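What the coordinates show
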Amino acid sequence: MSNSSNLNHPLLAELNQLRQERNAVILAHNYQNDEIQAFADIIGDSLALSQAAAQTEADVIVFCGVHFMAETAALLAPQKTVLLPASDAGCPMADMADAEAVTKWRQRYPQAAVVTYVNSSAAVKAVSDYCCTSANAVKLAQNIPETEIIFLPDQNLGSFVAQQVPEKTFHLWPGYCITHHRVTLAELEAAQKARPQAQVLIHPECQPEVVAQADFAGSTSQIINYVRRSNQTEFIIGTEMGILYSLKKENPAKTFYLLTPGLICPNMKKTTVENLYQALKTLQSVVTVQPEIQAQARVALERMLEYV
Ligand code: 13P
Ligand code: SF4
């Protein structure tokens, strides 16, 4: 989603000036703090932000998100300077797969294509055949020629895809998102009991029994699009709380209930107006990918963008 600046902050004038001087585009994931989303040029899910990075004419991409997202932007926009304002913002799920272990799985299932969630390191992408996001994982799995798939690192998104593509064989990596995986069916049932009139919208990083109970499961932007088109007025939201920024802004007459108060990703919350300002001012921290893995990782990512 394109955005016009709604930030109310003492640094706003300086931020705008630096954005212009640097010819920078500010990309913000749907889980970012409200003030970051208010200042960003583009807010989106992982797929939309990857597309934006690949297409931008800006010289500098400031990625308000976590490390694998900035790495993905660096791979898709190799001529650009990619900055991660919160230099220590990682993704615990991405850390649950390493290239050596993936290579061993390839040897164990030699017929299988390796389909890797974009929430992964560049090194893991480099030993993968395809990347995907939660927005296009099902479409990609349905349409690639291979009938056997190693899906990594998210077992929950993998189960969601496997269920919708029953004609293929899946080998699921045992990774998970610490924020989404801890949502329980009991918590969902309690939320539904309290708000029986509300529709339940869930991210597929949640466990299968939670997703099975949802009225809709999809990526963050797919959830936002669902609400935009829906005639319903109340929704229980089963994904990270940052999504409430766009949901409330776009739908002032609708009501949203976060499924549990624990739906917060600490890494996504590390980007602040102050470190964004420092990033623009100092042009730090630059995110790069080791030259020897760039070409292979880029192939898997470019295939991801073919299944939009
Ligand atoms: P999407 O915005 O692509 O749904 O991603 C969810 C996520 O957990 C990103 O880390
Ligand atoms: Fe990683 Fe989960 Fe945070 Fe997304 S929400 S960055 S998958 S830990």
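Only a predicted model underlies this, so the values are computations on that prediction, with no experimental measurement involved. (Residues numbered from 1 in each chain as written. Chains lettered and ligands numbered in written order. Predicted model: local features only at pLDDT ≥ 70, side-chain atom pairs only at ≥ 80, totals over all residues. Heavy atoms only, no water.)

Next up on the list: the overall build of the protein. Helix and strand content of the protein: 15 helices and 12 strands. Scaling as 2.2 N^0.38, a compact globule of 308 residues should have a C-alpha radius of gyration of about 19 Å, and the protein matches this with 19 Å. Viewed in the frame of its principal axes, the protein has a C-alpha envelope of about 55 × 55 × 30 Å. Per-residue burial over the protein gives 56% buried out of 308 residues. Within the protein, counting contacts between residues at least 6 apart in sequence, those at least 24 apart form 63% of the total. Per element, the accessible surface of the protein, about 12900 Å² overall, is 48% carbon and sulfur. (Helix = DSSP H or I, 4+ residues; strand = E, 2+ residues; numbered from the N terminus. Rg over C-alpha atoms; globule rule 2.2 N^0.38 Å. Buried < 20%, exposed > 50% of the residue type's maximum accessible area, 1.4 Å probe, protein only. Contact = heavy atoms within 4.5 Å. Areas by Shrake-Rupley, 256 points an atom, 1.4 Å probe, with all protein chains shown as cover.)

Another aspect to go through is the sheet that holds strand β4 (residues 81–83). A sheet is described by the order of its strands in space; here four strands give the open sequence β2-β1-β3-β4, paired in parallel fashion. Two strands in the sheet have a free side with no partner beyond their single neighbour: β2 (42–44) and β4. Pairwise comparison of adjacent strand axes, ignoring direction, gives a mean angle of 20° for this sheet. Pairing of strand β3 (residues 60–64) with β4, which is carried by three bridges, proceeds in the parallel orientation. Looking at β4, one finds that V60 is bridged to T81. (Pairing = 2+ DSSP bridges. Axes fitted to C-alpha atoms, helices over the stretch in contact; angles between N-to-C directions.)

Here we come to the pairing of strand β9 (residues 199–202). Burial of β9 is two-sided: the residues Q199 and L201 facing one way and the residues V200 and I202 facing the other way are all buried. Sheet topology note: the β9/strand β11 (residues 234–238) ladder contains four bridges and is parallel. Bridging from a neighbouring strand, L201 pairs with I237 of β11.

With that settled, consider the site of ligand 1. Near ligand 1 lie 13 residues; those nearest to it are H29, S46, H203, E205 and T220. S134 has a polar side-chain atom sitting 3.1 Å from an oxygen atom of ligand 1. Relative to its free-state accessible area of 300 Å², ligand 1 is covered by the protein chains to the extent of 96%. Taken together, the residues that form the shell around ligand 1 break down as four nonpolar, seven polar and two charged. (Near = heavy atom within 4 Å. Polar contact = N/O pair within 3.5 Å; in protein donor to acceptor, adjacent residues only side chain to side chain. Nonpolar A, V, L, I, M, F, W, Y, C, P; charged D, E, K, R; others polar.)

Turning our attention to the sheet that holds strand β6 (residues 130–132). Taken together, four strands build an open sheet; the order of strands is β6-β5-β7-β8 and the sheet is parallel. Only two strands of the sheet have a single neighbouring strand rather than two, namely β6 and β8 (169–172). Between one strand axis and the next, the sheet turns by 30° as a mean value, whatever way the strands run. Two elements, strand β5 (residues 113–117) and β6, share three bridges in a ladder whose sense is parallel. Looking at β6, one finds that Y117 is bridged to C132. Contacts from helix α5 (residues 99–108) reach β5, β7 (148–152) and β8 within the one sheet, and its direction differs from that of β7 by about 165°.

Moving on, we get to helix α15 (residues 291–306). Taking 1.5 Å per residue as the helical rise, α15 with its 16 residues ought to reach 22 Å, and the 24 Å between its terminal C-alpha atoms agrees with that figure. The largest bend along α15 reaches roughly 25° and is located at A297. Of the residues making up α15, those classed as buried are I293, A297, R298, A300, L301 and M304. As for α15, its buried residues are in contact with α3 (46–55), α4 (67–76), α6 (122–126), β6 and α7 (137–143). (Expected span 1.5 Å × (residues − 1). Bend = angle between axes of the 7 residues up to and from the residue.)

Trans is the prevailing form of peptide bonds, just as negative phi is the prevailing case for residues other than glycine. Following L152, the chain continues into P153 via a peptide bond in cis, with omega recorded as -10°. Structurally, the position occupied by P153 is in the loop between β7 and α8 (155–164). Following Q284, the chain continues into S285 via a peptide bond in cis, with omega recorded as -10°. Relative to the elements of secondary structure, S285 occurs in the loop between α14 (273–282) and α15.

Structurally, N30 can be placed in the loop between β1 (24–29) and α2 (34–39). On the basis of relative accessibility, which here comes to 2%, the residue N30 falls in the buried class. Excluding its chain neighbours within four sequence positions, the residues that come into contact with N30 are Q37, I43, G44, D45, T220, S221, I224, G242, I243 and S246.

For the rest of this paragraph, the subject is α3. Among all positions in α3, only S46, L47, L49, S50, A52 and A53 are buried. At its buried positions, α3 is contacted by β1, β2, β3, α4 and α15.

A pair of packed helices is captured by two measures, namely the crossing angle of their axes and the spacing between those axes. Between α3 and α4, the shortest axis-to-axis distance is 8 Å and the interhelical angle comes to 35°. Our pair here, α3 against α4, has a crossing hand that is right-handed. For the pair formed by α3 and α4, the contact residues are S46, S50, A53 and A54 on the first element and M69, T72, A73 and L76 on the second. Partitioning the contact of α3 with α4 into residue classes produces five nonpolar, three polar and no charged. (Left-handed = near helix turned anticlockwise from the far one by under 90°.)

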